[in-house]
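# Fold and contact review
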Amino acid sequence: MVKRMEPVKFNVVIVRNETEAVDEVCAALQSGVVALIDISTPHLSPPLKSACYLLGVAYISVVDNSYFYQLRISNGSNVMIEPASTQMLMVVADIVMREQLNNVAILHDETFDINNTPRRVLTNVPAQHIYIPLSRDVNETNQHIDSIIRLGIKVVFIIADRFNAQNFLTVDAKLNCPSCDGTVRLLLVTARQNTEAQKQFIDFIQQAGILHDFDMDSIKVDEALAFDLATIVTIAINDLAREAGAVFNIANLDCYNLSSGDMNRAQSHQLINLIKQSSRSGVFGPISYSSMDDLVRYELTLLISEVVFEQGTQKSKVQVANWTKAGHIQSTEASLIRADKRRKYRVVTVAGIPPFVYKNEIKNDTGNPHQNGNSQYRGYCIDLLEKIAESMNFDYDIYDTDDVGSMDEQGRWSGAIKELMDGRADIAVGPISVMAERETVIDFTVPYYDLVGLTILMRNPKVDYSLVKFLSVLDEEVWGCIIGAFLLFSVLICLFDRLSPFSYQNRRSQWNEVGEEPRIFTLKEGIWFCMMSLTPQGGGETPRALSGRLVAATWWLFGFIIIATYTANLAAFLTVSRLETPIESLDDLSKQTKVQYAPLNGSTAMTYFKRMADIEQRFYEIWKNMSLNDNLAAVDRAQLAVWDYPVSDKYTKLWDAMNKYGFPQSNEAAISRVLGEDFAFISDATFNKYQMFINCDLLEVGEEFSRKPYALAVQNGSPLLGELSNAILKLINNRTLEELKTKWWKMDKKDCPKVEDESDGISIKNIGGVFLVIVIGSALSLVTLALECYWYR
């Protein structure tokens, strides 16, 4: 029993083994307690809190509850005390956000809970950061500093015990940084102390005989919090004794018999309420209960001082800002870190893939932001990067690599993906497809481009057009013989009509001038007769003599055969192209052997076909093992036998043919092969489309397959992911990406002549010569009419 204003005794239980901790605490509770103050670990807090509640003992927790929300749930007999370190770590995130830092290192000692605390130090802060344990070994420390410098990290946070931090920074009052030259600035963050409470704490330590030489420089925040908390608990217990007359120790507690908790809980509730009502001017500021957060905490004020070292020796120390949880950083300085505040990232791209990324060699440095060394980058992706950099307010250094990257048989990556994995680049920009295997090692933003698949690039078919194509049906010798026969029979008809005694020409006296005058076959009439006999109109009146009629009949028979032969050959000649089935899909490629085909060696297209063939083989093996399984019943085997081959072997055949034909080693070699041979190149639709735009001899055929979106890539777990995705979504919403697409796809497009599709019908370019006959005939008629009129006059 505690009577009025009696001193409160605190017993300490040192837990050395977490598995036996609850038993040790239960043993201490048997001697009688008023409350349990828990400053152990988050793993022990839940069982200790539950035990105290069931026993009716007041429970006071000073444990970081970041990952144990149940500790914050109040049952009336417990209260949460916020550790001072929880509040102090908030200044790190505030400094990073205020100074817009994007790449920092955090050095920490054993007082920093590396398993839990890092998850919230820079939560929702878009800054890349690494954690490095603080070493007491000078050589190891120097190695860590050199590693930080190689990574390009210019800002380092040291979260450690004061003495560990001093050991790291100073050796014989000199800055422990052999790699640092000239002037070095440090920001020192300390907690403001209350002079009066500080004196009480120092007197208590000295009078208790804990440390006789304890002074102001020896004060630690956690120890001061324990002293202030003990004072508040003592005041609350005395207040409870004053109100209730006495405070009883809850004794004979048995953790394995929890039936007595209800009778003790009323006193615990009163004590917890009095603790919540208490407040104190603590060593490091006021300490009181916050009803909003339902916990007791310090109202810390952190002082941010600038410490300047020159050649390793401290020259000055000046306070430049202060921090509170409510007001965050308050400073008259524009920047606490006197460096370029604008973030800067390393960007890797895949050059030479227009219109996404062009790489042009230039002679000198013009200060272009797209420039790196003697190379200048431009294109759709570079404009996109510029828009994002403007939106997110950062600069970047850009360089290129040979390809996007692929994984070999040993699981090793190459190209831009390897640059991200090794930490040499922060962002990868270019036509980078989102693939499942890539997502295991890097992260992708939201897509910035439509779904892009694979298509087939072939040589544009050449079509020979001719206005007099109808004349090429027969050889020149045949046309000569036909014209010769025409002239011959024209002369024969005229000659036979003149020589035959039965012709009208030789028996004109017998005509009685009734009806139309019989036809006299002069040379002109013979030519006209032979010409008209070849037309549906007919030749008109035939010769009267039998010999002349035999000549005419012979010409008719010749003309019929010639016309029939010409008509048949003309129909076949003009429709032969329509009989050739063009390649329009992957299935068409697999069904023929005339045209060779293959993707680029090592490309994603090659990986696609290889894996599809492998999947077909795996399914075949599964089916074969099932169908040949002797353990199967006869009925089950009969059911499987329905399928001769349950999986298509299309990709297996395609893959075998590709290996036979050989894979191009470069895009240039592939294009050359397409133009010079019967070869179809399988590649990304964007690449094939661009090649078709700049070369009229190329044609993209087939529907896209294996479609995947393009996106930006970042390091796995990079905080840039969310920011970049939001920036891309904004550009999509305001149609900026559509404008960029229109701009760059029209940049190099050529005006190619339209290719007539002969399979749909005969083109005017091939049959147009027939209409020339009308033009020529009409012109000759006009000329003849003019001559007739002139002759008549």
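Below, the structure is looked at part by part. All of these numbers come straight from a predicted model, not from anything done at the bench.

### Here we look at the overall build of the protein
For the protein, the helix and strand inventory stands at 25 helices and 27 strands. Considering the protein as a whole, with its 793 residues, one finds that 41% of them fall into the buried category. In the protein, 69% of the contacts between residues at least 6 apart in sequence involve partners at least 24 apart. For the protein, the computed accessible surface area is about 44300 Å², with 55% contributed by carbon and sulfur atoms.

### Overview of the sheet that holds strand S23 (residues 449–459)
Read across the sheet, four strands follow the order S24-S25-S23-S26 without closing on themselves; strand pairing throughout is mixed. Looking along the sheet, the strands with just one partner apiece sit at the ends: strand S24 (596–599) and strand S26 (698–710). Going from strand to strand, the sheet's axes swing by 20 degrees on average, the running direction of each strand aside. For S24 and strand S25 (residues 679–684), the ladder comprises four bridges, and the chain directions are parallel. Each bridged residue has a counterpart across the sheet, and for Ala 598 the counterpart in S25 is Phe 681.

### Topic: a nonpolar patch on the surface
Taken together, Val 491, Leu 495, Phe 496, Leu 499, Leu 523, Ile 527, Trp 528 and Met 531 make up a surface patch of nonpolar side chains, about 720 Å² in accessible area. Elements with a minimum of two residues in the nonpolar patch: helix H14 (476–499) and helix H15 (523–533). Structurally, Ile 527 can be placed in helix H15.

### Observations regarding the pairing of strand S4 (residues 103–108)
Summarising burial for S4: five of the six residues are buried, a large majority. Sheet analysis places S4 next to strand S6 (residues 155–159), joined by five bridges and oriented parallel. When the sheet's bridge partners are listed, Val 104 is paired in S6 with Val 155.

### With respect to the sheet that holds S6
Sheet architecture is open: three strands sit in the order S5-S4-S6, paired in parallel fashion. Each edge of the sheet is formed by a strand with only one pairing partner; in this case those strands are strand S5 (128–133) and S6. Here the average twist between neighbouring strands, direction ignored, is 20 degrees.

### Observations concerning the state of the cysteines
Throughout the structure, instances matching the rule amount to one disulfide. Residue Cys 696 pairs covalently with Cys 752 via a disulfide, S to S 1.9 Å. With the S-S bond torsion at -85 degrees, the cross-link from Cys 696 to Cys 752 turns out left-handed. Note that Cys 696 is positioned in the loop between helix H22 (685–694) and S26 and Cys 752 in the loop between helix H24 (736–745) and helix H25 (764–792), a separation of 56 residues in sequence. The partly exposed category is assigned to Cys 752, whose relative accessible area is 33%.

### Focus on the pattern of salt bridges
Using the criterion set out here, one finds 23 salt bridges in the structure. In this structure, the salt-bridge partner of Arg 242 is Asp 239, at a minimum N-O distance of 2.6 Å. Of this pair, Arg 242 and Asp 239 both sit in helix H9 (residues 221–244), three residues apart, which is roughly one turn of that helix. Accessibility expressed as a relative area gives 21% for Asp 239, which makes it partly exposed. Between Lys 610 and Glu 409 there is a salt bridge, with the nearest N and O atoms lying 2.8 Å from each other. One end of the pair, Lys 610, is in helix H18 (residues 604–627); the other, Glu 409, is in the loop between strand S20 (394–401) and helix H12 (415–421), with 201 residues separating them in the sequence. For Lys 610, a relative accessible area of 38% corresponds to the partly exposed category. Here Glu 409 falls in the exposed class, since its relative accessible area comes to 65%. Taken together, the shared-partner salt bridges connect Lys 418, Glu 419, Asp 422 and Arg 424 into one network.

### Regarding H18
Taking 1.5 Å as the rise per residue, H18 with 24 residues should run 34 Å; its terminal C-alpha atoms sit 34 Å apart, in good agreement. Regarding H18, the residues found buried are Ala 605, Met 606, Tyr 608, Phe 609, Ala 613, Glu 616, Trp 623 and Ser 627.

### Regarding the packing of aromatic side chains
According to the stated counting rule, one finds 26 aromatic pairs in the structure shown. Between Phe 489 and Trp 555, the aromatic rings sit 5.4 Å apart at their centres with planes inclined by 40 degrees, giving tilted as the arrangement. A residue pair is termed long-range when its members are at least 10 positions apart, and Phe 489 in helix H14 and Trp 555 in helix H16 (residues 546–575) qualify at 66 residues. For Phe 489, a relative accessible area of 13% corresponds to the buried category. Consider the rings of Tyr 608 and Tyr 651, whose centres lie 5.9 Å apart with planes at 90 degrees: the pair is edge-to-face. Taken together, the residues span a long stretch of sequence, with Tyr 608 in helix H18 and Tyr 651 in helix H20 (residues 650–661) at a distance of 43 residues. Residue Tyr 608 shares its accessibility class with Tyr 651, and that shared class is buried. Of the aromatic side chains, those joined through ring pairs into one cluster are Phe 356, Tyr 380, Tyr 448, Tyr 449, Tyr 690, Phe 693, Tyr 710 and Trp 745. The ring of Tyr 358 is capped by Arg 378, whose NZ or CZ atom sits 4.2 Å from the centre of that ring. Here the guanidinium or amino end of Lys 741 rests over the ring plane of Tyr 449, the centre of that ring lying 4.7 Å away.

Reading the values: the criteria
Residues numbered from 1 in each chain as written. Predicted model: local features only at pLDDT ≥ 70, side-chain atom pairs only at ≥ 80, totals over all residues. Heavy atoms only, no water. Helix = DSSP H or I, 4+ residues; strand = E, 2+ residues; numbered from the N terminus. Buried < 20%, exposed > 50% of the residue type's maximum accessible area, 1.4 Å probe, protein only. Contact = heavy atoms within 4.5 Å. Areas by Shrake-Rupley, 256 points an atom, 1.4 Å probe, with all protein chains shown as cover. Pairing = 2+ DSSP bridges. Axes fitted to C-alpha atoms, helices over the stretch in contact; angles between N-to-C directions. Patch = residues over 30% accessible without salt bridge, like charges linked within 9 Å, V, L, I, M, F, W, Y side chains within 5 Å. Salt bridge = Lys/Arg side-chain N within 4 Å of Asp/Glu carboxyl O. Disulfide = S-S within 2.5 Å. Expected span 1.5 Å × (residues − 1). Phe/Tyr/Trp six-rings, centres within 6.5 Å; stacked < 30°, edge-to-face > 60°. Lys NZ or Arg CZ within 6 Å of the ring centre and 35° of its normal.

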